[in-house]
Amino acid sequence: MMISLNEISERAKLKENENYRFRTYLKMHADPLKLDEQFRELHEELFATYDCSQCRNCCKMYCGSIPQEDIEKVAGQLSISGEDFINRYLEYDPAEGAYKTKHCPCDFLKEDGDCVLGECKPENCRNYPYTDQPDRMGSLLSIIESAAICPVVYEILERLKEDYHFKKRERIYPNDPCPCGSGLKYKKCCGRER
């Protein structure tokens, strides 16, 4: 069962260090082409049954990027001029060389979770969370970031951990046996305060 929207941010934060360790593990052990295939298969399987319009965290937490060449087309969808569209909704991001939406949540997000822009929705919005795109090995950091926003990405990471038999570190409690093998309780051995 997919993680709920009210839990995703907190649970992803709790798993953040584990996810960074998993990223390192994948960089050292995974074949990049096989990893792309695994991401694509999980993406297709999970998005086949997930209704994004019931979530839209991506539209609520990210600003969309609109390339210069798409501005007139998108403005036409709204029946306004390109200049008017820029003034009302966009600001230029010199680092990306593109315009970004000014507001979060996105001004184009309708109450029912649909997008006002319809078929003119920017490519970066249509493709989010990019888990079916090539070179996932090179974008693992953004995937970890997206796991706090998108329930499907969170689930993909958890399934990949299972597929790779990634060992998750369990918390060691003071009365547990010490992992060093001494036979002492953790609090009396490696975990004692010095």
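Residues numbered from 1 in each chain as written. Predicted model: local features only at pLDDT ≥ 70, side-chain atom pairs only at ≥ 80, totals over all residues. Heavy atoms only, no water.

Some thoughts on the overall build of the chain
Assigned secondary structure in the chain consists of nine helices and three strands. Whereas a compact globule of 194 residues would reach a radius of gyration of roughly 16 Å, the chain reaches 22 Å, over 25% beyond that. With respect to the principal axes defined by its C-alpha atoms, the chain has extents near 75 × 35 × 35 Å. When burial is assessed residue by residue, the chain has 37% of its 194 residues classed as buried. Entry remark: accessible area of the chain is about 12200 Å², with carbon and sulfur atoms responsible for 48%. The centroid of the 29 positive side-chain charges in the chain is displaced by 11 Å from the centroid of its 35 negative side-chain charges. (Helix = DSSP H or I, 4+ residues; strand = E, 2+ residues; numbered from the N terminus. Rg over C-alpha atoms; globule rule 2.2 N^0.38 Å. Buried < 20%, exposed > 50% of the residue type's maximum accessible area, 1.4 Å probe, protein only. Areas by Shrake-Rupley, 256 points an atom, 1.4 Å probe, with all protein chains shown as cover. Lys, Arg positive; Asp, Glu negative; His and termini not counted. Charge placed at Lys NZ, Arg CZ, Asp CG, Glu CD.)

Regarding unusual backbone geometry
Backbone torsion omega between Cys 104 and Pro 105 reads 0°, so that peptide bond is classified as cis. Position of Pro 105 among the secondary structure elements: in the loop between strand E3 (98–101) and helix H7 (123–127). Tyr 128 connects to Pro 129 through a cis peptide bond whose omega is 10°. Along the chain, the position of Pro 129 falls in the loop between H7 and helix H8 (140–146). Residue Arg 56 is not a glycine yet carries a positive backbone phi of 60°. Along the polypeptide, Arg 56 turns up in the loop between helix H3 (32–47) and helix H4 (57–61). For Arg 56, a relative accessible area of 15% translates into the label buried. Phi at Tyr 130 is positive, roughly 65°, even though this residue is not glycine. Examined against the element boundaries, Tyr 130 turns out to sit in the loop between H7 and H8.

Section: the sheet that holds E3
Within a sheet, each strand pairs with its neighbour through backbone hydrogen bonds, oriented either parallel or antiparallel. Here we have three strands laid out as an open sheet, ordered E1-E3-E2, and antiparallel in their pairing. Two strands lie at the open edges of the sheet, namely strand E1 (65–66) and strand E2 (90–93), each paired on one side alone. Strand direction decides the pairing type here: E2 and E3, joined by four bridges, are antiparallel. Pairing of Leu 90 across the sheet is with Thr 101, part of E3. (Pairing = 2+ DSSP bridges.)

So, the packing of aromatic side chains
Under the counting rule described, the total for this entry stands at eleven aromatic pairs. With 5.6 Å between their ring centres and 65° between their planes, Tyr 25 and Phe 166 make a pair best called edge-to-face. Here Tyr 25 is found in helix H2 (residues 16–29), whereas its partner Phe 166 is found in the segment after helix H9 (151–163), with 141 residues between them in sequence. Exposure remark for Tyr 25: the relative accessible area of 26% places this residue in the partly exposed category. Take Phe 166: its relative accessible area is 13%, and that puts it in the buried class. Aromatic rings pair up to connect Phe 22, Tyr 25, Tyr 164 and Phe 166 into one cluster. (Phe/Tyr/Trp six-rings, centres within 6.5 Å; stacked < 30°, edge-to-face > 60°.)

What about helix H6 (residues 82–89)?
Those residues of H6 that fall on the buried side of the exposure criterion are Gly 82, Phe 85, Ile 86 and Tyr 89. The arc that holds every buried residue of H6, seen down its axis, measures 100°, which confines them to one face. In this fold, the buried residues of H6 make contact with E1, helix H5 (71–77), E2 and E3. (Arc of directions from axis to C-beta. Contact = heavy atoms within 4.5 Å.)

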